[in-house]
Amino acid sequence: MNGFALGAEQEEWCGQLRALAADRLRPLADKGEPGRVNRPLLAALGELGLLERVFTSGALELCLLRESLAYGCTEAETALALQGLGAHPVLRSGTPEQRARWLPEVRAGRAVAAFALSEPGAGSDAAALALEAVRDEGVRDEGVGGGHGGAGRGGWRLSGEKCWISNAPEADFYTVFARTGEGPAAKGVTAFLVPADRPGLSGEPLDMLSPHPIGRLSFDGVPVGPQDLLGEPGRGFRVAMDTLNRFRPSVGAFAVGMARAALDATLAYTAARRAFGGVLGDLQAVGHRVAEMATRTEAARLLVYAAAGAYDAGSPDVPRRSAMAKLLATETAQYVVDHAVQLHGAVALERGHLLEHLYREVRAPRIYEGASEVQRTIIAKELYR
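Everything numeric here is computed off the predicted structure, so don't read it as measured data.

Novice: I keep staring at the side chain of His339 and nothing clicks. Help me out?
Specialist: Within the fold, His339 resides in helix α9 (residues 318-344). Of note is the side chain of His339, whose polar atom sits 3.5 Å from the side chain of Arg289. Apart from residues lying up to four places away in sequence, His339 is in contact with Arg289 and Met293.

Novice: Just to check I follow, could you spell out the pattern of salt bridges for this structure?
Specialist: In this structure the tally under the stated criterion is 25 salt bridges. The shortest N-O distance in the salt bridge between Glu161 and Arg216 comes to 3.7 Å. Placement of the pair is Glu161 in strand β3 (residues 155-166) and Arg216 in strand β7 (residues 214-224), with a sequence separation of 55 residues. Salt-bridge contacts for Arg366 lead to Glu331; the nearest nitrogen and oxygen are separated by 3.1 Å. With Arg366 in the loop between α10 (354-361) and α11 (372-384) and Glu331 in helix α9, this pair connects stretches of sequence that are 35 residues apart. Salt bridges sharing common partners tie together Arg26, Asp30 and Glu75.

Novice: Could you clarify how one ought to interpret the packing of aromatic side chains in this entry?
Specialist: We describe a pair of aromatic rings using the distance from one ring centre to the other and the angle between the two ring planes. Tallied over the full model, the rule gives three aromatic pairs. Plain terms: the ring middles of Trp102 and Phe173 are 4.6 Å apart, the flat faces sit at 40 degrees to each other, and that makes the pair tilted. In this pair, Trp102 sits in helix α6 (residues 96-108) while Phe173 sits in strand β4 (residues 173-179), placing the two residues 71 residues apart along the sequence. For the pair formed by Trp102 and Phe173, the shared burial category is buried. For the ring pair Trp156 and Phe192, a centre distance of 5.3 Å and an interplane angle of 65 degrees mean the geometry is edge-to-face. Pair noted here: Trp156 is in strand β3 and Phe192 is in strand β5 (residues 189-195), with a separation of 36 residues, a long-range link. Stacked on the ring of Tyr71, the Lys or Arg Arg18 has its end atom at 5.8 Å from the ring centre.

Novice: Can you walk me through the environment of Leu50 in this structure?
Specialist: The topology assignment puts Leu50 in helix α3 (residues 50-56). Each C-alpha atom of the pair Leu50 and Leu230 lies 25 Å from the other, and the pair is 180 residues apart in sequence. If we ignore the near neighbours within four places in the chain, the residues touching Leu50 are Leu17, Leu20, Leu25, Leu45, Leu65, Leu69 and Leu80.

Novice: Looking at this model, I keep getting lost on the pairing of β3. Mind explaining?
Specialist: The two faces of a sheet get side chains in turn, since along a regular strand they alternate between them. Taken together, the five bridges between strand β2 (residues 132-136) and β3 define a ladder with antiparallel strand orientation. Opposite Arg135, over in β3, you have Trp156 as the bridge partner. Sheet topology note: the β3/β7 ladder contains nine bridges and is antiparallel. From the neighbouring strand, Lys162 faces β7, where its bridge partner is Leu217.

Cut-offs and rules
- Residues numbered from 1 in each chain as written.
- Predicted model: local features only at pLDDT ≥ 70, side-chain atom pairs only at ≥ 80, totals over all residues.
- Heavy atoms only, no water.
- Helix = DSSP H or I, 4+ residues; strand = E, 2+ residues; numbered from the N terminus.
- Polar contact = N/O pair within 3.5 Å; in protein donor to acceptor, adjacent residues only side chain to side chain.
- Contact = heavy atoms within 4.5 Å.
- Salt bridge = Lys/Arg side-chain N within 4 Å of Asp/Glu carboxyl O.
- Phe/Tyr/Trp six-rings, centres within 6.5 Å; stacked < 30°, edge-to-face > 60°.
- Buried < 20%, exposed > 50% of the residue type's maximum accessible area, 1.4 Å probe, protein only.
- Lys NZ or Arg CZ within 6 Å of the ring centre and 35° of its normal.
- Pairing = 2+ DSSP bridges.

Dropping the structure here:
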């Protein structure tokens, strides 16, 4: 890829993914129950080798994967992305034992992963999280080697709550961020891998505008030992930011995929829909609006690819570029889908219409993994650094 266009092989691969999403994954998504983990869909993503790609691809390839799946099946894209988000900390910071236990299952679509950062009082301000990890020498991990803290040392008990966690309460394990107190704010946060069957861990689903499960988790003295650490004590916020910097450009790619689907649907509709003695596309007001939709989508797409390229190159300005990509792409997708609905008229609001679906799907990415306001704050801080 140069700075402006994908190569022929990349374009071909994206086309194959779009067709795969529409023909193979869309029917499985349609059979799923809203608000529940679609395990047959996850199994298909594993069987097709797409979950493996989440862990072996560079950032640009991940963006192309998410954009292409989003174009044909947003549910498949989201299922894939959540597996990556929940398990990426295990890949990057887990012990050999943790990786051997969980990553093959995640890649095959047999184990469901979740990233548990947000809390009722710590959404956008992730450093303010309050889930408490209290030292308890009675919590041991003898017989489980490879822990960062060393086998046989005492562990912690987690007490508190997580909220708005994707895949909760149905996930098989959670990447959990808790306050261990090594320092103030972000300096006192530690990451843990917590299997869903740990005593004291419970959850409930939240009724939200989402096709996948989102829930609340309650921690009532949940035991975690050194073998459950992801990274070192007090370094959990770095684990979280490493994950978010990796996935933020690809959230933008998800948004671009939705925008491109809405744009193509609008082009087809306005070229065929007869009105006022011609077709809608002949009206200057319509043509100019479609031109604006296309221009914004292309600008967002290029910024996403540039951010992914910077990540792959190890550029020091990844936080700024990632924030810019997510901000522009998600805001652009909202604009494009909204105007697509307007140009279609009432038909786009019928249940089951592509745009009715996209209209519901496009709103959440402006909030999760750092709301648009947070992205602007990150960009400003990086510019003034």
